[in-house]
Amino acid sequence: MDGPPLHVPEDAVRGLPGHVRSVVVVWWEDMVSLEAAAVVLGTVHAVRAVRAAEAWHTAVAEANPFVEHALACALTGPPELARPGRAAHARILLWTGAAPALAGARAQLVAARSALATLRTSASKLPVVESSTPLAGLAARWIRKIGARLTHAARVLAEASELTKPQVLPGDADELQSEIGFRLISGVPATARAASWTGALHAYLAHHTLGPPRTHRTAEYSELVARHWGPDASVALDETALHQISVDVPRTQPKVLFFKESAVTEAMERIGVVFTASHGEAWTSPVAYAQGMLDLSAPFLLVFYAAAKVLPTRGVDDSVAEHGIDADALDSAERLAFVCLRALIEALAHCFTPNREGVSHIVRIVHGYVADLAPELDAHLRQHLEYAVVVFRWINCVFVREFDLESLIRLWDGLLLGGSAALPGAIAALAAALLLRARELLLGLDSTELLMAVQDLASALGPWDAGDVQALLVEANALRSLRASKSEAGTP
Amino acid sequence: YTVVLIGDSAVGKSNLLSRFTRDEFSLESKSTIGVEFATRSISTDDGKVLKAQIWDTAGQERYRAITSAYYRGAVGALLVYDISKYETFSNVERWLKELRDHAENHIEVMLVGNKSDLRHLRVVMTEDAEAFAQENGISFIETSALDASNVEEAFSSILTKIYEKVSRKSMNSDAAGSGKTKPMANNASKVIVVDNENDDAAPAKKKKCC
């Protein structure tokens with residue numbers, strides 16, 4: 001039987017941290033059998049594989065690099081792709097960017113597992129080593145430690161692998177886009193929602209806004225807070241606006257426990273104040289605070305807080321009731337929520353100007369859909385009311401007031417990520433889809449009853465489960481394709 | 001009859017409305033976006049049933065362009081302030097101007113000091129509000145949507161006043177026989193006011209010169 005080599009092979013210890021390396025070297029030199037040598041090699045292999053798996057996993061879990069990457073590609077992306085193609089490209093990069101990283105992490109995890117198995121086998125064949133020796137103790141500890149890290153890595157990988165749901169992607173950009181859109185309608189995995197909402201809003205802005213591209217980094221929020229928040233604010237907001245925000249904050253999602261927490265209301269107030277005080281500055285919102293904007297911040301705060309806590313959104317209230325608010329999670333949620341609110345308002349800026357031209361534009365599209373597809377409903381509605389009365393709040397709050405938060409978040413999945421069409425058009429199609437769904441109900445009512453019913457139409461059609469929301473999104477998409485094909489047929 | 005609820009944000013307009021139409025009050029109410037609508041009928045002393053359509057409006061100034069469109073069809077307005085917030089009372093004058101600019105000339109206006117249950121926080125004195133109402137020729141009442149005091153009275157008083165005004169006018173105009181009918185917006189159930197006082201009045205539109 002050959003003895004073990006006298007020196008540790010350089011391969012085996014390359015890249016290991018110094019203290020592990022020195023242990024291995026000492027250990028190696030004390031080796032008395034090949035079996036014991038196998039333990040060392042197996043350990044080294046396992047440690048290294050786990051480290052690699054963890055590094056991959058960190059990259060995957062921090063989805064923001066992919067968001068940044070997608071944004072960068074959207075801004076600078078392949079010039080051969082047309083604008084909508086580039087938007088799709090960015091979104092797909094965002095969506096699938098995690099896939100190679102996950103594949104790498106999985107391979108490393110498999111290798112680490114097999115190394116651990118080798119290690120266990122070898123350790124069990126260590127007759128020459130007394131169980132009381134430091135060597136055996138060390139081996140046992142390493143096995144336990146590595147085993148625990150592997151279990152942890154495997155769990156997080158399983159969560160992160162949700163990111164790679166669209167496994168098979170067709171090659172053509174348009175096909176890719178519709179494929180992705182279709183998948184998004186059926187629901188964004190909770191683990192990917194924060195990253196994909198952020199990324200999609202930014203990619204959207206990169207393609208739909210005029211003027212120089214803006215940066216959308218959460219770091220800027222700290223600067224804005226320093227400038228506009230608290231007694232030391234160098235550029236404070238006027239009293240009227242401050243008062244307006246302070247009376248609206250407690251009236252935003254007042255029935256949800258999360259939004260009753262003082263830390264959350266303070267975060268929301270800070271978002272509102274900083275948003276309003278900084279509007280008109282170089283990289284901030286073009287419009288000032290209007291009631292309803294805090295409503296728009298609420299789904300962002302909840303989704304991003306849930307993401308930071310690795311919880312489903314419906315689990316947030318229970319977690320808050322049991323453990324209180326996690327300050328770090330809230331802080332990261334607040335930053336992201338501000339950036340996303342700003343992006344969303346910017347995408348809908350015309351809806352918030354004093355004369356609300358954007359709202360009138362959307363109302364006209366909604367009217368067009370209903371008049372085309374259900375002329376009797378259109379005649380009935382116009383006899384008794386104005387479309388604006390029905391859809392104003394829907395548009396102003398992007399349906400936040402119409403649905404429970406869980407249904408709303410699914411609706412926003414489809415709205416924010418459902419293709420490169422302009423957001424106002426997507427909102428119009430959803431509003432029309434909602435009205436068309438209520439056709440029978442509305443035709444049976446007149447004047448006063450009708451006015452009462454349209455104020456709470458989504459509830460009247462509810463309760464909504466995930467499937468209903470998905471169906472509504474599909475209907476809205478169908479309306480949009482219909483309109484697109486019509487306008488194509490209409491142009492020579 | 002169409003009545004509008006106007007006044008600053010968070011003075012309790014929506015809760016006054018829900019107290020009157022559904023006998024409900026909520027500390028967890030949301031801000032009103034644009035306009036909201038509710039309805040209720042009441043009976044007068046002489047047995048007539050008055051049907052009120054009430055439009056609740058957003059308080060924020062930025063919504064004025066949208067909400068002022070609803071003043072036009074209204075025959076009554078409840079101008080609400082919060083007795084515990086002085087600012088909401090000092091803004092009453094601006095709201096009156098809004099009404100003069102956008103509403104019918106003969107709109108019945110009632111000043112409503114809400115949240116009268118917050119006695120220990122009162123900053124607007126009843127006498128001051130009364131004096132202001134008298135100066136401006138409008139009626140006045142203090143209410144609490146929370147404990148329901150005077151809510152019923154406020155609405156039925158303004159509705160009765162509107163009813164009396166309208167019946168008086170239609171009698172006058174029947175006698176004169178030369179009234180002009182003015183359809184108010186396009187809602188079939190709104191009352192039509194017969195106006196014979198001002199021949200070329202088109203009060204709904206602001207005129208630059210006369």
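These numbers were taken from a predicted model, which means no experiment stands behind them.

Please clarify how the interface of chain A and chain B should be interpreted in this entry.
Often, the extent of an interface is quoted as the loss of accessible area on bringing the components together. At the junction of the two partners, chain A supplies 29 residues and chain B supplies 26 residues. Counting the surface lost from both chain A and chain B, the interface buries some 2600 Å², and carbon and sulfur atoms represent 50% of this. Considering only the surface of chain A that becomes buried against chain B, A:Arg251, A:Gln291 and A:Arg401 emerge as the three largest contributors, covering 23% of it. The interface formed by chain A and chain B contains two salt bridges. Residue B:Glu36 pairs with A:Arg393 through a salt bridge whose shortest N-O separation is 3.2 Å. If you list the elements that add at least two residues to the side of chain A that touches chain B, you get α11 (239–248), α17 (375–384), α18 (387–396) and α22 (447–454) of chain A.

Just to check I follow, could you spell out the nonpolar core for this structure?
Where a protein is soluble and globular, its nonpolar side chains tend to be buried together. A:Phe258, A:Phe399 and A:Trp412 are the most contacted members of the largest nonpolar core, which totals 139 residues. Three or more residues apiece are contributed to this core by two domains, here domain 2 (216–347) and domain 3 (357–486) of chain A. In this structure, A:Phe258 is in contact with A:Val264, A:Leu301, A:Leu302, A:Tyr305, A:Val316, A:Asp317, A:Val320, A:Ile325 and A:Leu330, ignoring residues within four places of it in sequence. Residues B:Leu50, B:Met110, B:Ile141 and B:Phe155 belong to the second largest nonpolar core, which totals 26 residues.

How should I be thinking about α17(A) in this particular structure?
For an α-helix, 3.6 residues make a turn, and residues three or four places apart therefore share a direction. Residue and element names in this part refer to chain A. Taken residue by residue, α17 has Leu377, Asp378, His380, Leu381 and His384 as its buried positions. Angular distribution of buried residues about the axis of α17 spans 165°; they occupy a single face of the element. Of the surrounding secondary structure, the elements contacted by the buried residues of α17 are α16 (357–373), α18, α20 (423–437), α21 (439–443) and α22.

Teacher, can you tell me more about the sheet that holds strand β2 (residues 35–43) of chain B here?
Two orientations exist for strands paired in a sheet by backbone hydrogen bonds: parallel and antiparallel. All names here are of chain B. Across the sheet, six strands lie side by side as β2-β3-β1-β4-β5-β6; this open sheet has mixed pairing. Since the sheet does not close on itself, it has two edges, and those belong to β2 and β6 (139–142), each with one partner. Within this sheet the neighbouring strands show an average axis-to-axis angle of 25°, counted without direction. As paired elements, strand β5 (residues 108–114) and β6 share four bridges and run parallel to each other. Residue pairing for β6: methionine 110 is matched across the bridge by serine 139.

I keep staring at unusual backbone geometry and nothing clicks. Help me out?
Looking along the chain, the bond that leaves A:Gly462 and enters A:Pro463 is cis, with omega of 0°. For A:Pro463, the position within the fold is in the loop between α23 (457–461) and α24 (466–490). At B:Lys115, a position not held by glycine, the phi torsion is positive, near 70°. Topologically, B:Lys115 is positioned in the loop between β5 and α5 (126–135). A relative accessible area of 24% means that B:Lys115 is categorised as partly exposed.

Which parts of the structure should I look at to understand the packing of helix α12 (residues 262–277) of chain A against helix α13 (residues 293–308) of chain A?
For any two helices packed against each other, one specifies the crossing angle of their axes together with the interaxial distance. Residue and element names in this part refer to chain A. Taken N-terminus to C-terminus, the directions of α12 and α13 make an angle of 130°; their axes are 10 Å apart at the nearest point. When the interaxial angle is binned, α12 and α13 end up oblique. In terms of crossing hand, the pair formed by α12 and α13 is right-handed. From α12, Met268, Ile271, Gly272 and Phe275 reach across to α13, where they touch Met293, Leu294, Ser297, Ala298 and Leu301.

Would you mind showing me how to read the confidence of the model for chain A here?
Residues shown with low pLDDT carry predicted positions that ought not to be read at fine detail. Residue and element names in this part refer to chain A. Averaged over all residues, the pLDDT of chain A is 72; the fraction at 70 or higher stands at 53%. When the elements of chain A are averaged for pLDDT, helix α4 (residues 64–76) gives the smallest value, 41, and α17 the largest, 95. Confidence drops under a pLDDT of 50 for residues 162–180, and excluding neighbours within four residues, the segment shows 36 contacts in the predicted structure. pLDDT under 50 marks residues 209–216. Its contacts with residues more than four places away, or in other chains, come to 12 contacts.

Where do I start with the pattern of salt bridges in this structure?
Side-chain pairing between opposite charges can occur once the charged atoms of the two side chains come close. Within this structure, the stated rule accounts for 21 salt bridges over all chains. Linking A:Arg393 and A:Glu402 is a salt bridge whose minimum nitrogen-to-oxygen distance equals 2.9 Å. A:Glu402 shares its class with A:Arg393; the two are buried. Between B:Arg94 and B:Glu61 there is a salt bridge; the shortest N-O distance is 2.7 Å. Residue B:Arg94 is found in helix α4 (residues 92–102), and its partner B:Glu61 is found in the loop between β3 (49–57) and α2 (64–67); the two are separated by 33 residues along the sequence.

Analysis parameters
Numbers given to residues run from 1 along each chain, matching the order in which its sequence is written. Written order determines the labels here, with chains lettered from A and ligands numbered from 1. The predicted nature of this model means local features are confined to residues of pLDDT at least 70 and side-chain atom pairs, given and counted, to a pLDDT of 80 or more, with totals for whole chains, interfaces and linings taken over all residues. For side-chain calculations, the full set of non-hydrogen atoms in the structure is used, while hydrogens and water are omitted. The criterion used for residue contact is that any of the two residues' heavy atoms lie within 4.5 Å. By convention, the term buried area covers the 1.4 Å-probe accessible surface removed from two parts as they join, with the contributions of both added. A carboxyl oxygen of Asp or Glu within 4 Å of a side-chain nitrogen of Lys or Arg is what we treat as a salt bridge. Each helix corresponds to a stretch of at least 4 residues labelled H or I by DSSP, and each strand to a stretch of at least 2 residues labelled E; elements are numbered beginning at the N terminus. By convention a nonpolar core is built from buried Ala, Val, Leu, Ile, Met, Phe, Trp, Tyr and Cys residues, the set being connected through side-chain atoms within 4.5 Å. The buried label goes to any residue with under 20% of its type's maximum accessible area, the exposed label to any with over 50%, and the partly exposed label to all in between, with areas taken from a 1.4 Å probe on protein chains only. An automatic or database domain assignment provides the domain bounds reported here. The arc in question is traced by the directions running from the helix axis to the C-beta atoms. The pairing criterion for strands is at least two bridges between them, as found by DSSP. In this analysis, axes come from line fits to C-alpha atoms, helices being fitted only over the stretch in contact, and the angle between any two N-to-C directions falls in the range 0 to 180 degrees. To sort the angles, those under 35 degrees are grouped as roughly parallel, those over 145 as roughly antiparallel, those from 65 to 115 as roughly perpendicular, and the leftovers as oblique. A crossing counts as left-handed when the near helix is turned anticlockwise from the far one by less than a right angle, and as right-handed when that turn is clockwise. Along the chain, pLDDT gives the predictor's confidence residue by residue, from 0 to 100.

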